[in-house]
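Structural description and commentary
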Amino acid sequence: MHPIKRELTGKETPELIQAAREGDQKAQSLLVNMYSARIYNLGLRMLRNNEDAEDMLQETFITALQKIKSFKGKSTFYTWIYRIGVNIALGKLRKQSRMQISYSIQEPDFENLHGLSISDWPEYIETKVSDEEFKTALRLALDDLDEKYRSVFVLRDLEELSTNKTAEILELSESNVKVRLMRARLFLRDRMNTVLKREGWLVK
Amino acid sequence: MKPKRDVELQKKICMDLGADLDSELCQQVGNFMEEYPECKVYYDTMKRSVKLYRVIEDDCKLPENVSERLFKVLELEKLKQD
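1. As for the overall build of chain B
Regarding its fold elements, chain B presents four helices and zero strands. Order of helices (α) and strands (β) in chain B, N terminus to C terminus: α-α-α-α. Across chain B, the fraction of contacts at a sequence separation of at least 24, relative to all contacts at a separation of at least 6, is 43%. In the form shown here, chain B has an accessible surface area of approximately 5300 Å², with 52% of it arising from carbon and sulfur atoms.

2. Re the overall build of chain A
Helix and strand counts for chain A stand at nine helices and zero strands. For chain A, the α and β elements follow one another from N to C terminus as α-α-α-α-α-α-α-α-α. Expressed as a percentage of the 204 residues in chain A, the buried residues total 51%. Here the analysis covers contacts within chain A between residues at least 6 apart in sequence; of these, 68% occur between residues at least 24 apart. Carbon and sulfur atoms make up 49% of the accessible area of chain A, which amounts to about 10700 Å² in all.

3. Section: the nonpolar core
Formed by 75 residues in total, the largest nonpolar core has its most connected members in Phe-153 of chain A together with Tyr-53 of chain B. Of all the elements, helix α3 (residues 25-47) of chain A adds the most residues to this core, at 13 residues. Sequence-distant contacts of Tyr-53 of chain B, that is, excluding residues within four places in its chain, are made with Leu-138, Ala-141, Leu-142, Phe-153, Leu-158, Leu-188 and Met-192 of chain A. Counting residues in hydrophobic clusters, the runner-up holds 11 residues, among them Leu-9, Cys-14, Cys-26 and Met-46 of chain B.

4. Describing the interface of chain B and chain A
Facing 35 residues of chain B, the contacting portion of chain A comprises 54 residues. For the pair chain B and chain A, the summed buried surface comes to about 4300 Å²; carbon and sulfur atoms form 64% of the total. Looking only at chain B, the three residues that lose the most surface to chain A are Tyr-42, Arg-48 and Tyr-53 of chain B, adding up to 18% of its buried area. On the surface where chain B and chain A come into contact, there are five salt bridges. A salt bridge links Glu-57 of chain B to Arg-139 of chain A; its shortest N-O distance comes to 3.8 Å.

5. Some words on the packing of aromatic side chains
All names here are of chain A. For the structure shown, the criterion picks out seven aromatic pairs over all chains. Here Phe-71 and Trp-80 contribute two aromatic rings whose centre-to-centre distance is 5.1 Å and whose plane-to-plane angle is 45 degrees, an arrangement assigned as tilted. With respect to burial, Phe-71 and Trp-80 carry one shared label: buried. Pairing Phe-77 with Trp-80 gives two aromatic rings, centres 5.6 Å apart and planes at 45 degrees, and the pair type is tilted. Taken together, the residues Phe-77 and Trp-80, both in helix α5 (residues 77-102) and three residues apart, mark about one turn of the helix. Looking at Phe-77, the relative accessible area reads 1%, which means it is buried.

6. Concerning the pattern of salt bridges
The full count for this structure, using the stated rule, is 13 salt bridges over all chains. Arg-45 of chain A is paired through a salt bridge with Glu-159 of chain A; the nearest N and O atoms lie 2.7 Å apart. With Arg-45 of chain A in helix α3 and Glu-159 of chain A in the loop between α7 (147-158) and α8 (163-170), the pair connects residues that are 114 residues apart, well separated along the chain. Of the two residues, Arg-45 of chain A and Glu-159 of chain A, neither departs from the other in class, the shared state being buried. Where salt bridges share partners, they join Arg-48, Arg-139 and Asp-143 of chain A together with Glu-57 of chain B into one cluster.

7. Things to note about the confidence of the model for chain B
All names here are of chain B. This prediction gives chain B a mean pLDDT of 81; 87% of its residues lie at or above 70. Mean pLDDT values for the elements of chain B range from 74 in helix α1 (residues 7-17) up to 96 in helix α4 (residues 64-73). Complex prediction metrics read pTM 0.78 and ipTM 0.78.

8. Notes on the environment of Ile-68 of chain A
Residue and element names in this part refer to chain A. Residue position: Ile-68 is located in the loop between α4 (50-67) and α5. Residue class for Ile-68 comes out buried when judged on its relative accessible area of 2%. Here the alpha-carbon distance between Ile-68 and Ala-37, two residues 31 residues apart in the chain, equals 19 Å. When neighbours within four sequence positions are excluded, Ile-68 is seen to be in contact with Ala-20, Arg-21, Leu-31, Phe-77 and Trp-80.

9. A few points about unusual backbone geometry
Of note, Glu-160 of chain A is a non-glycine position whose phi angle comes to about 60 degrees, a positive value. Considering the arrangement of structural elements, one finds Glu-160 of chain A in the loop between α7 and α8. The backbone phi angle of Glu-75 of chain B is positive, close to 60 degrees, even though this residue is not glycine. By the secondary structure assignment, Glu-75 of chain B is in the segment after α4.

Procedures and definitions
Residues numbered from 1 in each chain as written. Chains lettered and ligands numbered in written order. Predicted model: local features only at pLDDT ≥ 70, side-chain atom pairs only at ≥ 80, totals over all residues. Heavy atoms only, no water. Helix = DSSP H or I, 4+ residues; strand = E, 2+ residues; numbered from the N terminus. Contact = heavy atoms within 4.5 Å. Areas by Shrake-Rupley, 256 points an atom, 1.4 Å probe, with all protein chains shown as cover. Buried < 20%, exposed > 50% of the residue type's maximum accessible area, 1.4 Å probe, protein only. Core = buried A, V, L, I, M, F, W, Y, C linked by side-chain atoms within 4.5 Å. Buried area = accessible area lost by both parts, 1.4 Å probe. Salt bridge = Lys/Arg side-chain N within 4 Å of Asp/Glu carboxyl O. Phe/Tyr/Trp six-rings, centres within 6.5 Å; stacked < 30°, edge-to-face > 60°. pLDDT = per-residue confidence, 0-100.

Right, here's the structure in full:
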């Protein structure tokens, strides 16, 4: 693995973008160097496995370089390519969820949140993130989160986009983003609580 | 005995909701928390779970072989910098 090469590639400048639009391969490779790690990380968070994240990364840059002439510079190049990446990842997720329906994968029951386990967590819980089993349990919970909630959670809580930006990218209303985020957080919190309870780490 | 209202928590919740601390909405949140202290625990643990996800889902470096294949598929491999 090599370090993210932001320091070698400089900043996204209008000259660099213009050169890339004109087909300058050196400029295009600089943009690939600049943003490939971030797009790959987005892919990993949304798609949950290395192969799909790599496919998404390649498709994103192929699409971006094919369409770069249509990039008008109204947003940064990064915002533009990020949107392309999110759309490609969403397309893959939708395809996967169609396949999952045929295998009767059950969606978490968000509507039935009665009987919540209101246990407090011990202070040392943060130290448990170094425990591989605990990490795996957390990742599995995120894997189990339905795509429509997971994409909101990834963009809002992990990528730290605003509600407004998330709504725009996912073509949802802002209130829908808020509701989905709340449900995703509740689901993940409750799954984590179940793991903690199972392992006997809860205070009560 | 009624638990004391947690102003800091109320403030955090209201900031998340985009409301001012003096707003009617905030007052309602405060009143609600006084009656249902389990909600404070629930809100706190939910925030902690998001924090934990940020730690385990932190940025990873791009694997070298993934980078190589990307440059190859884009036909830019001769310009790839190490």
